[in-house]
Amino acid sequence: MTNVIKYDGAPGTGKTWRLTEDFKTALNDGVLPENILFTQFRREAAHDAKNFVSSVCAIPEKRLNNVRTFHGECLSLLMRNGIVDVKKEDGYLITKKDLKEFGMKYGYSFNNRDSVEKDKMDQLTTFYTYCKNNMVGPTKGAMKVYSKEVIPFSQKKEFYGNYEAYKQEVGKIDWSDMLNLTLENGIMTDCTVQMYDEAQDMTPIMYELSKMWSDDAETVYYAGDPLQTLYSFMGASPDHLMNTEGELVVLPLSHRLPANVWKKAAWMVTDRNKYRAPKIETPKEDGLMLVVDYKGLSAYLSKRFAKYFADDETAFHLVRTNYQGHAVAKILAEMGIPFGGICGWTHDEIILYHAIAKIKDGRTPTVAEYKKLIDHVKKTDLQYVGKKEDLKLFFENNMQNVNALNSWYLSAGFIQAVRAGNPGERLTNADSMLKLKINGMLKNGVVTIDESRINRIQILTIHGAKGLEATHVFLHAAVPPIVKQGTLTPEGRANEAYVWYVAITRTMKNLIVVSYPGKNYPIPRMCA
C-alpha cells in the first residue's frame, strides 16, 4: 500500500527544504536518484529545485532527470513510449509559426495589436487550456471560464474544434496535450518515490496523473499551502490537496515572516474562505507596516525609504497585473532608481547606459558599449558618412585615435544632450520607458549599473513573486475592474484572497501598502 504524506506549509516554513530532506532519506534507504520523481509547478522552480537537491544530496544534476515540471515528466514518458515522434522533420510541438498558420486558415489573429482582438484571442486560448486542464469539453468549460467581453459559446466551441483539427492535420501537440496523452494512454512513471511540490496549484489533470502514478509508488509526498492557490483560473483548487487521503503534517515554523505580518495575512485570508491559517511560530520581532498614498510614493522613496534601505537588502513592488507595473516603473525610472522585473533594466540596456554615462563624463566606452550606442544613435547624429557597421569596426580597430578626438564620431548636439543629462529623445530604437530610465539615471548621477543592483529592487506581479521573498515589500493595492468583477461570487472572493495572502507574505521585514483610494483591495486596518 502506498504511503501518502501531505505537508501543509505556510510561507517561509520550508516546504521545498522538507521535501529535499525526504529525498536524502530515500537515497539513504537505497532508492536510486533516477527513481525519485520531484515535480514543480513552474520551469524556473524546477531548475532551482534541481540545483538545491544536487547541492544538499551531493548528487550530480545529470542523475536528477526526474526533478522537473509535470509537463517535462509527461513529455519524457511520451517520447520513451513512442507517442511523440521526436524525429519529425518540422518538430513535434506547436510553434508560433504554426499558430500564425492556424490563424490564417481559420480566421484568427494571434499577433494583432488591437486590444479588443488581442483580448478575444487571450480568452479563447484560456478557454481551450482550461478545458484541457480540467478534462472537460467545450460546453462545461464555457460555463466556468469568465470573460470580460462575453464571447458566444458557438465561437468558443468552434475555436476548440478548429484547433483540435489543426493539430491533427499537422501532426503536432501543444503543452496541454502532454498531460492529456499521458493520462489517456495510461503511461506510468517508474519512480517508486514521488514528490509533488506546490500541490495547491496542481490542476485536476495533474492530480489524476499523480493518483495514477502513485499506484506503483511506495511513498508519495504532496507539499503545498491551500491558502496560496494562485491558479484557480486554470482549475487549481486547495480542495485537491486537502481532500487527498494521507497523513497531514503541518510545518510548524516560518523563518521568514515577522509576527505582525503573519497575523495580518492570517486574519485577512481566514475571513474570506473556508480554510484557516495554521497555527505556526514566527520570529518574535514585528516588522514595519504602514500605508503610503500612491501620490506620495516618490517622496516616501526619496526621503524616508532611501535612509533605511541597506546595501544587502532587497525590495519588491508588487502589482496585481502586468500593465499596472508600468506606472510604478515610470516612478522609479524618473527617480533614477535601478530596478528589474516589469519594464526593468535589461543586459543590453545596461551596456547602452554605460556608454552614455562614460561619454557624459568624458571617458571612452568599451568596444561593446560603443557598438550598442551606435545601434541607438540616429544617423543624423553621426559624423561618419559610411554605414554603422563600418563605424563600429573602425572604432574596434582604432580605439586610441577615436579617444583622442574626444567626440567618438558623434555630433556636438548629441554630446551636448548627453552632458545635459537628456539624451533620451535623440535615441532611436528606444521606447519611452528606456528614454525615461536613461535620463533618470543620469539625473541621479548613477555612474555604473550591475546586474546585482537591478535585482535588489524588482517590480513583479503577485503571481510572479510566488516562491520569492524580499526584505521590503511595497504592495500596490489597486485592483483592476476586470479582477474586481471576478470577486462577485463567494468562490471569486476566496480565490482573490489567496492572491493577496501570497502578496503580504513575501516580506521578510517590512510591508508598505501603497493605497489607491477607491480602487484598493481591502486589507484589514490598512486600506479599504
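Before any of the text, the structure's been laid out above.
Cut-offs used in this document
- Residues numbered from 1 in each chain as written.
- Predicted model: local features only at pLDDT ≥ 70, side-chain atom pairs only at ≥ 80, totals over all residues.
- Heavy atoms only, no water.
- Helix = DSSP H or I, 4+ residues; strand = E, 2+ residues; numbered from the N terminus.
- Rg over C-alpha atoms; globule rule 2.2 N^0.38 Å.
- Buried < 20%, exposed > 50% of the residue type's maximum accessible area, 1.4 Å probe, protein only.
- Contact = heavy atoms within 4.5 Å.
- Areas by Shrake-Rupley, 256 points an atom, 1.4 Å probe, with all protein chains shown as cover.
- Polar contact = N/O pair within 3.5 Å; in protein donor to acceptor, adjacent residues only side chain to side chain.
- Salt bridge = Lys/Arg side-chain N within 4 Å of Asp/Glu carboxyl O.
- Pairing = 2+ DSSP bridges.
- Axes fitted to C-alpha atoms, helices over the stretch in contact; angles between N-to-C directions.
- Phe/Tyr/Trp six-rings, centres within 6.5 Å; stacked < 30°, edge-to-face > 60°.
- Parallel < 35°, antiparallel > 145°, perpendicular 65-115°, else oblique.
- Left-handed = near helix turned anticlockwise from the far one by under 90°.

This part covers the overall build of the protein chain. Looking only at helices and strands, the protein chain features 22 helices and 12 strands. Its C-alpha atoms give the protein chain a radius of gyration of 26 Å, near enough to 24 Å, the size a compact globule of 528 residues would have. Counting only C-alpha atoms, the protein chain reaches 80 × 60 × 55 Å along its principal axes. Taken across its 528 residues, the protein chain has 53% of its residues classed as buried. Across the protein chain, the fraction of contacts at a sequence separation of at least 24, relative to all contacts at a separation of at least 6, is 77%. Accessible area for the protein chain stands at about 25100 Å²; split by element, carbon and sulfur atoms hold 52% of it.

Another aspect to go through is the environment of Q324. Relative to the elements of secondary structure, Q324 occurs in helix 13 (residues 322-335). Judged by its relative accessible area of 15%, Q324 is buried. Sequence separation between Q324 and I459 is 135 residues; the distance between their C-alpha atoms is 9.9 Å. Once residues lying within four places of it in the same chain are set aside, the contact partners of Q324 are V319, A478, V479 and P480. From its side chain, Q324 meets the backbone nitrogen of T321 in a polar contact 2.8 Å long. At 3.1 Å, the side chain of Q324 and the backbone oxygen of A478 are in polar contact.

In this section: the pattern of salt bridges. Counted under the stated rule, the structure contains 26 salt bridges. Among the ionic pairs, R18 bridges to D22, the shortest N-O distance being 3.3 Å. Taken as a pair, R18 and D22 lie in helix 1 (residues 15-28) at a separation of 4 residues, close to a single helical turn. Residue classification places R18 among the partly exposed positions, given a relative accessible area of 25%. D22 gets classed as buried once you look at its relative accessible area, which sits at 8%. Here K358 ties to E369 by a salt bridge, and the two come within 2.9 Å at their closest N and O atoms. With a gap of 11 residues between them, K358 in helix 14 (residues 347-360) and E369 in helix 15 (residues 367-376) connect regions that are remote in the sequence. Shared partners join several salt bridges into a network, and the residues in it are K132, E164, K167, D174 and D177.

For helix 3 (residues 70-80), the tally of buried residues reaches 8 of 11 residues, placing the bulk of the element in the interior. For helix 3, the complete set of buried residues consists of F70, H71, E73, C74, L75, S76, L77 and L78. Check the buried side of helix 3 and you find it contacts strand 2 (36-40), strand 3 (67-69), helix 8 (175-184), strand 4 (193-196) and helix 9 (204-214). G82 occupies a position one or two residues after helix 3 and carries a positive phi of about 75°.

Hydrogen bonding along the main chain pairs the strands of a sheet, whether they run parallel or antiparallel. Overall, parallel pairing links the 6 strands, which are arranged 3-2-4-5-1-6 in an open sheet. Of all strands in the sheet, those bounded by a partner on one side alone are strand 3 and strand 6 (247-250). Across this sheet, the average inter-strand angle for adjacent strands is 20°, counted without regard to direction. Sheet analysis places strand 1 (residues 3-8) next to strand 5 (residues 219-224), joined by 6 bridges and oriented parallel. For D8, the partnering residue across the bridge sits in strand 5 and is G224. Where helix 2 (residues 43-57) meets the sheet, it contacts strand 2 and strand 3, and its direction lies at approximately 175° from that of strand 3. Sheet strands touched by helix 3: strand 2, strand 3 and strand 4. Its angle to strand 3, the strand with the most contacts, is close to 100°.

Take the packing of aromatic side chains next. One pass over the full model with this rule turns up 28 aromatic pairs. Summarising the aromatic geometry, the rings of F102 and Y163 are spaced 5.4 Å apart at their centres and angled 55° between planes, so their arrangement reads as tilted. Of this pair, F102 sits in helix 4 (residues 96-106) while Y163 sits in helix 7 (residues 153-170), placing them 61 residues apart in sequence. We note that F102, like Y163, is buried. Residues Y300 and F474 carry aromatic rings whose centres are separated by 6.2 Å and whose planes lie at 70° to one another, so their mutual orientation is edge-to-face. Here the residue Y300 occupies a position in helix 12 (residues 297-308), and F474 occupies one in strand 11 (residues 470-476), the gap between them amounting to 174 residues.

Let us now look at the environment of G186. Its place among the elements puts G186 in the loop between helix 8 and strand 4. Each C-alpha atom of the pair G186 and L209 lies 8.8 Å from the other, and the pair is 23 residues apart in sequence.

Attention now moves to the packing of helix 15 against helix 16 (residues 388-397). Working note: a packed helix pair is described by the angle between its axes plus the distance between those axes. The contact between helix 15 and helix 16 brings their axes to 10 Å, and the two run at 160°. Classed by the angle they form, the pair helix 15 and helix 16 counts as roughly antiparallel. Remark: the crossing between helix 15 and helix 16 carries right-handed chirality. Side by side, helix 15 and helix 16 meet where V367, Y370, K371, I374 and D375 of the first sit next to K388, L391, K392, F395 and E396 of the second.

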